[in-house]
Structure formats: structure tokens, C-alpha cells
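Fold and contact review
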Amino acid sequence: MKISLLTFALVAIFGSSSWIGTNSVWMELSLLTAKLPEGWNLPSYLSAIVQIACLGPLIYSIILKGIKVSIPTVPLIFVFMILACCCQLGLCFFWSDTSYIFGAVRSWPLYLLLFGLAIVDAISSVLFLPFMAKFHPAFLNAYFVGMGLSALIPSLLSLIQGTSNYWCDGNKVPHYDPPRFSVPVFFLINFFFTCAALGAFVILYKTGAHKNSTKVVPDTLDTPAESVEKEESSFQETSASGARLAFLLIATALVNAQMNGIVTSVQSYATLVYSQNTYHYAVTLANVVSPLASWLQFFLKIQSIPFLAALTLCSSFCTGVIVYLAALSPNWIFGSEAVGSAISIASSLIAAGLHSYLRVMFAALLREGNHKESRLFWCGAFIQIGSFTGSAIMFPLVNVWKLFRSAPSCR
């Protein structure tokens, strides 16, 4: 099988646009909360905005599947990616603007711009994945590698920026170092990455890569009769039954609930209690492992439902460890900073790797058989359902009932 490396790279760049907008705002929270009037209440406001934006895929699904309105995919993707570029550029200039609304000074331009980015990010699950059904299955991996890059790029930029570097004085008061470059520069760099993703999508469409890439050159030539027999046999072996399909969709929702909702909500409590370095290593290395794990499907393709179910339980166990560590904060597990730091980083990396690999495998299996575009649509829908459910569960636990407590920066 011959795969175009250029097309693979373009698909990965296109896939990086899936969540880079929302992730870029999240990685700047330490600077935003220090300068905006909402203070540390800002994350809860922004989380609520993202969850409201998650209604976008629901509305799109109702229009497309319920009312049966035909919506051209390619022009819609182009419009949404233009919207993402505009919102990302707007953050460079208006992120710090505020005004008096509803009895308080609020950062409403940031709210609106994040809402626009979150709409694009959320709807990418049900819009971009069906577009990827037009490509050869190998390029679906490239798309998920790109999804991993959408978290890796902002986190690496934040690490280089040095948003959370600090030192403690004799009175155990933290003093934060100034960042190496400003918030507008950070958002501008992410704007250029978003523009690159838009350019990659245009090139993919204009060159007809989504049509040409489905034509795979076989290693040996088969007769027409042999080819038909192989196709029928392959379909009979890989076509998902009703129970199999239900498992794949439910497991997709479960994995993404952990990946995008649960872990992200409590990871700071599970890592910062040990040290700032523990937090940075856990978050940054997890964002490195995530796209790398998406490549595993090329070398290790597991189709056994019991084995996939076992891996899903393992990923859930790692997520449970992270939640347990967060619940212990501000105390250390086993009373040891070193042991707790090691467990926190290890569980974060294993969870990130398993979540990414399972997400790719579930999507690859759902793509097999007939109606692959419809199946990938529902795969995207359940990705969003899981992410929304995980965030909806964790939001009141973290922000309303305050079940997790932060540790002091200087012990």
C-alpha cells in the first residue's frame, strides 16, 4: 500500500484545527486570571461557555439527521475554519477588554471569542470526521494525530512562554517570573497555526486528495473474481453487528468523557499538589504521548471486542487514579512527594496513551463496512456526547460543591 506522506502531513495539520482554539485559551489561564477581573472564577465561566457551545453539534445533528436537510460539508468546513481564524486573531487584540455588564465588570469579548472557537471545535467532531470518510483509512490516523497536536502545540508554547515559573521567598510566598512573550503574541502564534490548518484543508480539497487517496496500489494483482470474493469476505468479517456497533459508540463516549472531561477538570489538583514540575511534565508529556499513540494503529491493530473492553477498563482505572490523587489534595498519597509525583505523571501518561489509541481504534472499526460516512458522523457525535457528559459531571463537583482543594504553591 502506497500512502502519500504529503497528504498524511496535510491531514494531520488539518486535524490540528479541531481543538487548538479552546486549548490555546486554556493554556493561558494562569496569565488571564491574573489580569482579568474575574480572577480564579474565570475558568468556571469559560467552562460554561464551552459547554453551551457543545449544543452546536446537537443542533447540526438534528438538522442533518432529524429534519433531513442536506448540508454541503466542504463549504461548511471552510466557513467554520474561517470563523476560527477570525476568533483566534480577535483574541490577539481584544482578550483584555472589559465592560460593566449585569452588575459587574466582565471580559465579554473573551467570552464571545471563546464561544466562536468552541463552536468550531465542538462541531468538528461531527463535521470533520465524515469528511475524513472520503479518504483511505490510513489517513484517519493522521487526523487523530492532528487532534493530538491541537493540545500539544499550545502546551509547548505555554511551556516555552514560562507562564507558571515562580520562586518562593523565606515567608513561603510565591513570586512569579514574567513570561518570555506576551499573551497577544501567544494567541498570534496559534492564529498562524489555525491559518496553516485552513490552508491544508484547501489544498486537500483542491488537489482532490480525498478522491485520489482512496485508490490504493495493491502489492499483487488479483483477478476480478478474487477481488470480489475478498471484499465480500472482508465485509462479513469486519462489518459490525448491532451489539458490536453499540459497544464501539458507548466506549467512544466513555473514553472521551475521561479524556476531555474528567482528566482535564482535575489534573491540576492531582499534579500541582506535588510540584509545578510535576504538573508541567504530566500535561506536556501527556500531550506528546497522545499523538504518538495515534500512530500505534499502523503497527498494532486490535479488533477483538473483549480485548478492547479490557483496555477501556485499564484506561478507566488510570483515570480513577488521577481522580483519587486529586481528591487527596492538598495531601500527598502515601505521605511522599516523590512517590506521589511518580504515580501522578505515570497515570497521566498511561491514560493519555490508552485514550488516544482507543479513540483511533474505535473510529477505524466504525469506518469499516458500509455507510462509513454515517458511522463516522455518529462516532463524532458520541465523541462530543462523551466530552460534554464528562465536563457536565465534573463542573459542579469542582466549581459548585468544591470537592477538590488546591494546595499552597509554597510548602
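Residues numbered from 1 in each chain as written. Predicted model: local features only at pLDDT ≥ 70, side-chain atom pairs only at ≥ 80, totals over all residues. Heavy atoms only, no water.

**Focus: helix α12 (residues 242-271)**
For α12, which comprises 30 residues, the first-to-last C-alpha distance of 41 Å matches the rise-based estimate of 44 Å (1.5 Å per residue) to within 8%. By the largest-angle criterion, Val 263 marks the main kink of α12, which is about 50°. (Helix = DSSP H or I, 4+ residues; strand = E, 2+ residues; numbered from the N terminus. Expected span 1.5 Å × (residues − 1). Bend = angle between axes of the 7 residues up to and from the residue.)

**Some details on the packing of helix α5 (residues 55-66) against helix α16 (residues 372-400)**
Relative orientation of the contacting elements α5 and α16 amounts to 155°, with a least axis distance of 11 Å. Judged by the angle between their axes, α5 and α16 are roughly antiparallel. Judged by the twist between their axes, the crossing of α5 over α16 is left-handed. Along its contact with α5, which presents Pro 57, Tyr 60, Ser 61, Leu 64 and Lys 65, the element α16 presents Ser 374, Phe 377, Trp 378 and Gln 384. Residue composition of the contact of α5 with α16, by class: five nonpolar, three polar and one charged. (Axes fitted to C-alpha atoms, helices over the stretch in contact; angles between N-to-C directions. Parallel < 35°, antiparallel > 145°, perpendicular 65-115°, else oblique. Left-handed = near helix turned anticlockwise from the far one by under 90°. Contact = heavy atoms within 4.5 Å. Nonpolar A, V, L, I, M, F, W, Y, C, P; charged D, E, K, R; others polar.)

**A closer look at the pattern of salt bridges**
Using the criterion set out here, one finds two salt bridges in the structure. Put simply, Lys 301 and Glu 368 hold a salt bridge, and the shortest N to O gap is 3.4 Å. Pair noted here: Lys 301 is in the loop between α13 (276-294) and α14 (305-328) and Glu 368 is in the loop between α15 (337-367) and α16, with a separation of 67 residues, a long-range link. Take Lys 301: its relative accessible area is 42%, and that puts it in the partly exposed class. (Salt bridge = Lys/Arg side-chain N within 4 Å of Asp/Glu carboxyl O. Buried < 20%, exposed > 50% of the residue type's maximum accessible area, 1.4 Å probe, protein only.)

**With respect to unusual backbone geometry**
The residue after Ser 329, namely Pro 330, is reached through a cis peptide bond having omega 10°. Mapped onto the elements, Pro 330 comes out in the loop between α14 and α15. Even without being a glycine, Phe 334 presents a positive backbone phi close to 60°. Residue position: Phe 334 is located in the loop between α14 and α15. Assessed through its relative accessible area of 67%, Phe 334 is described here as exposed.

**Side note on the packing of aromatic side chains**
The full count for this structure, using the stated rule, is 17 aromatic pairs. Ring geometry for Phe 8 and Phe 139: centres 6.5 Å apart, planes at 45°, overall tilted. Of this pair, Phe 8 sits in helix α1 (residues 5-15) while Phe 139 sits in helix α8 (residues 138-161), placing them 131 residues apart in sequence. Phe 139 carries the same exposure label as Phe 8, and that label is buried. Measuring from ring centre to ring centre gives 6.3 Å for Tyr 60 and Phe 377, while their planes differ by 50°; the resulting arrangement is tilted. Placement of the pair is Tyr 60 in helix α5 and Phe 377 in helix α16, with a sequence separation of 317 residues. The two residues Tyr 60 and Phe 377 agree in class, both being buried. Through a chain of ring-to-ring contacts, the aromatic side chains of Phe 8, Phe 14, Phe 128, Phe 131, Phe 135, Phe 139, Tyr 143, Phe 144, Phe 201 and Trp 295 assemble into a single cluster. (Phe/Tyr/Trp six-rings, centres within 6.5 Å; stacked < 30°, edge-to-face > 60°.)

These results come straight from atomic positions and should not be treated as a statement about function.
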